[in-house]
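For reference, the chains in residue letters:
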There are 4 protein chains.
Amino acid sequence: MNVFERLESNVRAYCRAYPAVFDKASNARQWDENGVEFIDFFAGAGVLNYGHNNERQRQAIIDYMQADGVTHSLDLHTTAKRTFIERFEDIILKPRNLEYKLQFTGPTGTNVVEAALKLARKVTGRSTVAAFTNGFHGMTLGALAVTGNAHYRNVSGVALNDVLRLPFEGYAGTGVGSLDMIRQTLADSSSGVEAPAAFLVETVQAEGGVNVAGKEWLQALQALAKEYGALFIIDDIQLGNGRTGHFFSWEDMGLDPDLVCLAKGIGGFGTPMGLLLIRPELDQWSPGDHTGTFRGQNLSFVAGSEALAYYENDDFLKSVQEKGRYMEERLNNIVANHKKLNFEVRGRGMMQGLDTHSPAIAKKIMAAAAKQRVIVGACGTDGRVIKACPPLTIEQETLERGLDLLEAAVNEGVTQ
Amino acid sequence: MNVFERLESNVRAYCRAYPAVFDKASNARQWDENGVEFIDFFAGAGVLNYGHNNERQRQAIIDYMQADGVTHSLDLHTTAKRTFIERFEDIILKPRNLEYKLQFTGPTGTNVVEAALKLARKVTGRSTVAAFTNGFHGMTLGALAVTGNAHYRNVSGVALNDVLRLPFEGYAGTGVGSLDMIRQTLADSSSGVEAPAAFLVETVQAEGGVNVAGKEWLQALQALAKEYGALFIIDDIQLGNGRTGHFFSWEDMGLDPDLVCLAKGIGGFGTPMGLLLIRPELDQWSPGDHTGTFRGQNLSFVAGSEALAYYENDDFLKSVQEKGRYMEERLNNIVANHKKLNFEVRGRGMMQGLDTHSPAIAKKIMAAAAKQRVIVGACGTDGRVIKACPPLTIEQETLERGLDLLEAAVNEGVTQ
Amino acid sequence: MNVFERLESNVRAYCRAYPAVFDKASNARQWDENGVEFIDFFAGAGVLNYGHNNERQRQAIIDYMQADGVTHSLDLHTTAKRTFIERFEDIILKPRNLEYKLQFTGPTGTNVVEAALKLARKVTGRSTVAAFTNGFHGMTLGALAVTGNAHYRNVSGVALNDVLRLPFEGYAGTGVGSLDMIRQTLADSSSGVEAPAAFLVETVQAEGGVNVAGKEWLQALQALAKEYGALFIIDDIQLGNGRTGHFFSWEDMGLDPDLVCLAKGIGGFGTPMGLLLIRPELDQWSPGDHTGTFRGQNLSFVAGSEALAYYENDDFLKSVQEKGRYMEERLNNIVANHKKLNFEVRGRGMMQGLDTHSPAIAKKIMAAAAKQRVIVGACGTDGRVIKACPPLTIEQETLERGLDLLEAAVNEGVTQ
Amino acid sequence: MNVFERLESNVRAYCRAYPAVFDKASNARQWDENGVEFIDFFAGAGVLNYGHNNERQRQAIIDYMQADGVTHSLDLHTTAKRTFIERFEDIILKPRNLEYKLQFTGPTGTNVVEAALKLARKVTGRSTVAAFTNGFHGMTLGALAVTGNAHYRNVSGVALNDVLRLPFEGYAGTGVGSLDMIRQTLADSSSGVEAPAAFLVETVQAEGGVNVAGKEWLQALQALAKEYGALFIIDDIQLGNGRTGHFFSWEDMGLDPDLVCLAKGIGGFGTPMGLLLIRPELDQWSPGDHTGTFRGQNLSFVAGSEALAYYENDDFLKSVQEKGRYMEERLNNIVANHKKLNFEVRGRGMMQGLDTHSPAIAKKIMAAAAKQRVIVGACGTDGRVIKACPPLTIEQETLERGLDLLEAAVNEGVTQ
């Protein structure tokens, strides 16, 4: 029995699908301790948008550390934090005509979501939050309450209240009309449904199965929120930071979210950061209302500042869009090769999902992928969707090779 | 208006007490961007036990990064994680005859507490958790529910249920007898109080005002938990990692906690890690029951492994004990110099609190400390206690100088 | 200021619409203390199905009292209770091939609903109950949680949890298809919606606006409940006891409810009784699991036993059906006379509603009805529906006269 | 198998201890259908304060019915209700210099408690209610939440929140000092305990084991409530209506409760009534905020008005005090006869409890009482206390005989 089996809790999961002991990593490739190479189409669950050991970020971190930079600072001011804030304003907010206040929370996605819900409740004086079927927002009780997955919810052992569950687009109809039912209940004081503090939505539900919401539906949802005095919150934790071919997943959709949750990729190097964007008039926090020890992660500020350089011109995002189209094309070919199985490709940019509509088949494909040494993830209800989200910086050659391996894994999985 | 005021959320707090922009830091000293030096008696809220930019840890991180080590790995196996686990077993668990499984959670204290409560509820099938007056456990809804501070609780905007609130030792009597009331209610099926899933306790309530629980009381509490089938959980997030002069704050007390929450100092360098220790027979998690994107922080594994070297022999802990005694002595002198004010010193090891019994006086001392350039924190109800918890590695000379500054701040604060 | 204004709480409501002081009553007529006559189309909110001072019931109560019968007996056995149970079995259950256990709860509808929900939760081990838009089930916290009206809910001052709110038939589509959305979410473990302990439904939502559910929808709902191991509960408190022209509102619909809630008319004389019918295999109560001081109301057993005589043959129910058709016809004429207003008539048997689609118009009609001295009630969202539910025993002549008065009130109300 | 076993739910309880089928009853005696006589020391759980078939009340009800009086009227005005209100003012409120508004709720104790808690929450804007160990307040979810009995609570199958549980006097110390702990936590914003909407207390916990609170403690509790802006609510449902030798159980104690809950005896004849007394300035209900079908029970108004005649002079209450002293004396003799068992007598007026400190012995005494044909009840944790509360109108001779039977039952029970 190895040390992990002997000493690590039974809760460990991904390592069961990929039991290798990883030692080195560079951009989209990882090697185990025996030097065996894997292609990484998972990117640490959407964190490593700029690849493993991104050279520019690594050097910036090392330089900062060697210069005795402050590593950990709670919410004290540091020069590293100031640089991050200034660059975020200059490179991200200003060119998009956006105005947001920045709140650095505890450096995990679930902490950002907790802060967002707390603020929405404080601002509106309401307790319920509307969330969607198959939504995923985190594991701490506040974020778990808005998460759809029954298994995760049941483990909590307590009642998870204060949530109004609504169908995501495509769940029970598509388009603006699929919001009619909720609109009617909010207008009706005897419906048993009260106006929520917020609508919390992902533009693409990554963990939920790579379900994509359309522009019209999102606009209608935002309008509904405003109509009923609720905040419109986009959880852009997995889809933001360039993943869709735009910095924000929602920036080409005519949306104006009240709060935006960022984490994962915003820290740049796999170094964690939690960042809540707040429309200035909603920044109704009193000092210290919501705290957290690790909210001043300066290595993340340094690496995150460096990462923002990718957005100084359009080249990077164009390359993401191109690679995304290539991924989609290749996945569609895979689907075409297995017509009888009625697979389906969904996604935006470099977040692409292959819906097998079958947890059993998906499980076989996952096992084959492990043998093929391409790291992917299973998502959606009971893991029926294979999710591919490589580092955005992946070289075209590696991307092609990874897709070859994935294609082989699908072929192997479906014929078992 | 500076960039922080213009763009950072109003929620920021500590930076209002110490408005400098910090640039460099080394061991127990920090310098702002103008080169002004501060002595750090706060250690990033108890995180920086081994000082800012600890040389050994810094070098280890840099070496690891330069060798293309895997930075971020969810719960995949890595060589860095294996090293950490092995060293934790060899240096910490084995010499203390302890057996625990290790669960790496999202890398903040609140995430560890959420995991602990979830597991306690799963194992017992009960929903309520017993927590204590003035307890502090985090800001996400599950951890916030067990936290005592009314301000933090009210901001949540939802009902925080499933908690049984009990008096901490010294709150309404001391010693074993102060548990009589809860023992009686648990024995009585008409008391309206049901047996909880767990008793969650800090051995010293740091945020709660540096309130110290005694060995007998803690033993009686543990016995009570076992008697009623509840888990005994120690939140050692701020007091563990050597702070008291022992690795665990509870190790010299004849205790045998079921779960131990570690965070803050366990990551070594200000790099975050969340670690839940689980008695093997209670490791009843199913794979994937509780997840979190950033639970595989390899820079923290590297720095944390290096930090464990401090515990390979007794020298370090002895020095902590000595410096702790020195701090206590100096603080007692301060109290003696202001007899009429009835200040009180409480603490263990290098976590020492000066209870002014007056939020107003404490506020003045805090303002004076900022002027004196010694970084301390206010804790306890309405901030009436001045908390001093320097890096454990602080040089004796710096410690003395910091205490001089603190003494000056007290003198200045009380005469305003 | 009269004694009511001076000493009765401001909470009083109906007496503001009909401020008379009532003194006498007989069948469907009431007289105030000045001898002014009102026709009663309200029947005490559906309680007085057999009229005020029903002669047979009155005599039975007087005889019982004069013979020193036991009035109040908790759940001790009495001869009066035995008679009621035997007659309920012989006259109601056996001819309909129904098998139910009888639980006498505290003698109000809300107490019956609380018992039903408690039993459903005990039997299934689940906490959530599915209830419908515009449903009304009572004012105590358990029953209020499943009630739709926002005003009533908000007054509670606490979070009302453990409810899954679904659209009633006609709310967002009709027929079996309108249950597709809930069926889909229950089948999907990531929907965020877990299988409930029960589906609680009224066949006609009386307080909710006289909304009528169809046979096919109710059958599909029952099938859905069985499919997901949830209990199917019919709240027949206002529609049972002959109101629809059948003893149970659901008996001609091929339904087989697990639990049936009865109150209001079951006590016969305005004397209160709460009765929960339980399918024998679901009678999983332990002795004393649910109690209540007034669950042995023997005057109600005596009057209720007498009332059951109306069901010994078909004559009574046929007369109810005929009078119901007459009411519907007359109301349809009223609607036809005001075509531009698009009023709508809905109902079954002698529960008929005139939906004005306008709270403002309905309010004027209510005021006119008070002047015309016909007692009706406003129901539905913001009171937009005028509800007519006279005693089932009303003489045809009085019924006609009451409808004349109601017609006059509508004419007056809509021309103001 | 008899009809009760065959058709009544398994939930039935008291009838298992006294399996007779009762047919007749007069004052404090009941006869089963075979003419076997029982002496009633239970009074329908404290309802029948004026005896079974009280002649004056019976005649008043019959006269009212025969004159076509309105039986059921929701909250419409009736002459019967006016008479009750006027007599309650003249006979009860005015002589005691009390000013209260009257709210008639659904006619069960639990409905009154639900109304009281709802109003307290509305007035204060707070959600939590403080209630006491061993308190009993009802079976609907709002009242059940404040009830202490674990068995009843667990059956609910949902989380019962919004309650702060405190030790009743004698539970963990006596006198004013036993409130120190709660006073300290309310003063401390970090205690985790927030100021409640109300303190809800019984002056004698009848179901809870006949636990008696003292005047000083109750006064201190009332003062604490006022100090923290919480309502002081006395649940006088079982102890009011003359039971203690005063109309209200608290009227000789210098108390001034904000809300008083009445039910049980207030309806006079076993006819149910729920009555909440509200200090005028707290009558902040909006019309219709809290409703209930059976809140206009005119037979109860009639019988209740008649019952108030007992309070027109002191004779009745003096006789209750005398009989209460006699009961206490006799029970003390019983205790003296079994010294080794350390039984204890507790109570006030004609509510007396014999605490055996042993559920097993109490069970044997209950079985012997059934054989002796004296009806008593078991109360307190696991039924360890025998409760004697005969009709207040019991003749001295019957009282003596009943005590003889109870003494015989104790003798028989303890020697088994």
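Given the structure is predicted, the values throughout are model-derived calculations rather than measurements.

A.B. asks: What's the story with the overall build of chain A in this structure? I'm lost.
C.D. replies: Check the secondary structure of chain A and you find 14 helices and 18 strands. A compact globule built from 416 residues would reach a C-alpha radius of gyration of about 22 Å, and chain A, at 21 Å, matches this within 12%. Taken along its principal axes, the extent of the C-alpha atoms in chain A is 60 × 60 × 45 Å. For chain A, the proportion of its 416 residues judged to be buried stands at 62%. Residue pairs in contact within chain A that sit at least 24 positions apart in sequence constitute 75% of those at least 6 positions apart.

A.B. asks: Mind showing me how you'd approach the relation of the copies chain A and chain B here?
C.D. replies: Two chain copies here: they are related by a rotation about an axis and a translation along the same axis. For the match of chain A to chain B, the screw axis carries a shift of 0.0 Å, the RMSD comes to 0.0 Å, and the turn is 180°. One copy is carried onto the other by what is essentially a two-fold rotation axis. Judged by C-alpha distance, A:L141 is the residue of chain A that lies nearest the rotation axis, at 2.6 Å. With an isologous cut-off of 70% or more, the 100% of interface residues of chain A that recur at the interface of chain B puts this contact in the isologous class.

A.B. asks: In this structure, what is going on with helix α5 (residues 79-93) of chain A? I would like to understand it.
C.D. replies: Each α-helix winds once per 3.6 residues, and so residues spaced three or four apart point in a common direction. Look at α5(A): 20 Å from first C-alpha to last across 15 residues, which is about the 21 Å you get at 1.5 Å a residue. If you check which residues of α5(A) are buried, you get A:A80, A:K81, A:R82, A:F84, A:I85 and A:F88. Here the buried face of α5(A) lies against α4 (55-66), β4 (77-78), β5 (101-105) and α11 (298-307) of chain A together with α1 (3-7) and β1 (21-26) of chain B.

A.B. asks: I keep staring at the sheet that holds strand β1 (residues 21-26) of chain A and nothing clicks. Help me out?
C.D. replies: Sheets are built from strands paired through backbone hydrogen bonds, the pairs being either parallel or antiparallel. Reading across the sheet, the five strands line up as β16(A)-β3(A)-β2(A)-β1(A)-β4(B) and stay open at both edges, with mixed pairing between neighbours. Two strands close off the open sheet at either side, each with one partner strand: β16 (374-375) of chain A together with β4 (77-78) of chain B. Sheet topology places β1(A) next to β4(B); two bridges connect them, and they run parallel. Counted as the bridge partner of A:F22 is B:T78 from β4(B).

A.B. asks: Please clarify how the sheet that holds strand β4 (residues 77-78) of chain D should be interpreted in this entry.
C.D. replies: The five strands lie next to each other as β16(C)-β3(C)-β2(C)-β1(C)-β4(D), forming an open sheet whose pairing is mixed. Strand pairing shows two members of the sheet lacking a second neighbour, β16 (374-375) of chain C together with β4 of chain D, which therefore form its edges.

A.B. asks: I would appreciate a short explanation of the interface of chain A and chain B in the present structure.
C.D. replies: You'll often see interface size given as the accessible area lost when the parts meet. Listed by partner, the interface residues are 87 residues for chain A and 87 residues for chain B. The dominant element in the side of chain A that touches chain B, judged by the number of residues it contributes, is helix α6 (residues 109-124) of chain A, at seven residues. For the side of chain A that touches chain B, a count of residues per class yields 34 nonpolar, 32 polar and 21 charged.

A.B. asks: How should I be thinking about the pairing of strand β11 (residues 231-235) of chain D in this particular structure?
C.D. replies: Note on strand geometry: in a regular strand, side chains alternate between the two faces of the sheet. All names here are of chain D. The element β11 is extensively covered by neighbouring structure, given that five of its five residues are classed as buried. The alternating pattern of β11 places L231, I233 and D235 and F232 and I234 on opposite faces, both of which are buried. Summarising the sheet, strand β8 (residues 198-201) and β11 pair through four bridges and their orientation is parallel. Looking across to β11, one finds that V201 is bridged to I234. Examined bridge by bridge, β11 and strand β12 (residues 259-262) share three bridges and lie parallel to one another. If you follow I233 over to β12, its bridge partner there is L259.

A.B. asks: Just to check I follow, could you spell out the environment of D:A150 for this structure?
C.D. replies: Residues and elements named next belong to chain D. Mapped onto the elements, A150 comes out in helix α8 (residues 150-155). When the 17 C-beta atoms within 10 Å are taken as the criterion, A150 is described as partly exposed. Between the alpha carbons of A150 and N134 there is a distance of 9.6 Å; along the sequence they are 16 residues apart.

A.B. asks: I'm lost on the packing of helix α12 (residues 315-337) of chain C against helix α14 (residues 396-415) of chain C in this one. Help?
C.D. replies: To describe two helices that pack against each other, one gives the angle between their axes and the distance between the axes. All names here are of chain C. It is the contact of α12 with α14, at a shortest axis distance of 11 Å, that shows an interaxial angle of 20°. The orientation of α12 with respect to α14, classified from their angle, is roughly parallel. In this structure, α12 meets α14 at a crossing whose hand is right-handed. Contact residues: K323, Y326, M327, R330 and I334 in α12; L399, L403, E407 and V410 in α14. For the contact of α12 with α14, the class distribution of residues is six nonpolar, no polar and three charged.

A.B. asks: So what exactly am I meant to see when it comes to the domain arrangement of chain A here?
C.D. replies: All names here are of chain A. Domain annotation for chain A reports domain 1 (3-53 + 314-415) and domain 2 (58-311). Each of domain 1 and domain 2 has a C-alpha centre, and the two are 25 Å apart. Taken together, the contacts link 28 residues of domain 1 with 24 residues of domain 2. Per element, the largest residue contribution to the side of domain 1 that touches domain 2 is five residues, and it comes from helix α12 (residues 315-337). Its residues assigned to classes, the side of domain 1 that touches domain 2 comprises 12 nonpolar, 12 polar and four charged.

Reading guide: rules and limits
- Each residue is numbered by its place in its chain's sequence as written, counting from 1.
- Working convention: letters from A go to chains and numbers from 1 go to ligands, in the order in which they are written.
- Reporting of local features is limited, given that this is a predicted model, to residues whose pLDDT is at least 70; pairs of side-chain atoms are given and counted only at 80 or more, and all residues count toward the totals for whole chains, interfaces and linings.
- Secondary structure elements follow DSSP: runs of H or I of four or more residues count as helices, runs of E of two or more count as strands, with numbering from the N terminus.
- The atom set for the radius of gyration is the C-alpha atoms, and the globule formula is 2.2 Å times the number of residues raised to the power 0.38.
- Buried means a residue has 20 or more other C-beta atoms within 10 Å of its own C-beta, exposed means 12 or fewer, and partly exposed covers the counts in between; C-beta atoms are placed from the backbone.
- Note that contacts rest on C-beta atoms placed from the backbone: two residues are in contact if these are within 7 Å.
- The copies are overlaid by a least-squares fit using only the C-alpha atoms of residues whose pLDDT is at least 70 in both copies.
- The span expected for a helix works out to 1.5 Å for each residue beyond the first.
- Paired strands, in this sense, are two strands between which DSSP finds at least two bridges.
- Each residue gets one label: Ala, Val, Leu, Ile, Met, Phe, Trp, Tyr, Cys and Pro are nonpolar, Asp, Glu, Lys and Arg are charged, and the others, such as Gly, are polar.
- Note on definitions: angles span 0 to 180 degrees between N-to-C directions of axes, and those axes are lines fitted to C-alpha atoms, for helices only across the stretch in contact.
- Each angle receives one of four descriptions, namely roughly parallel if under 35 degrees, roughly antiparallel if over 145, roughly perpendicular if within 65 to 115, and oblique otherwise.
- Helix crossings fall into two classes, left-handed where the near helix is turned counterclockwise from the far one by less than a right angle and right-handed where it is turned clockwise.
- These domain boundaries are the output of an automatic or database domain assignment.

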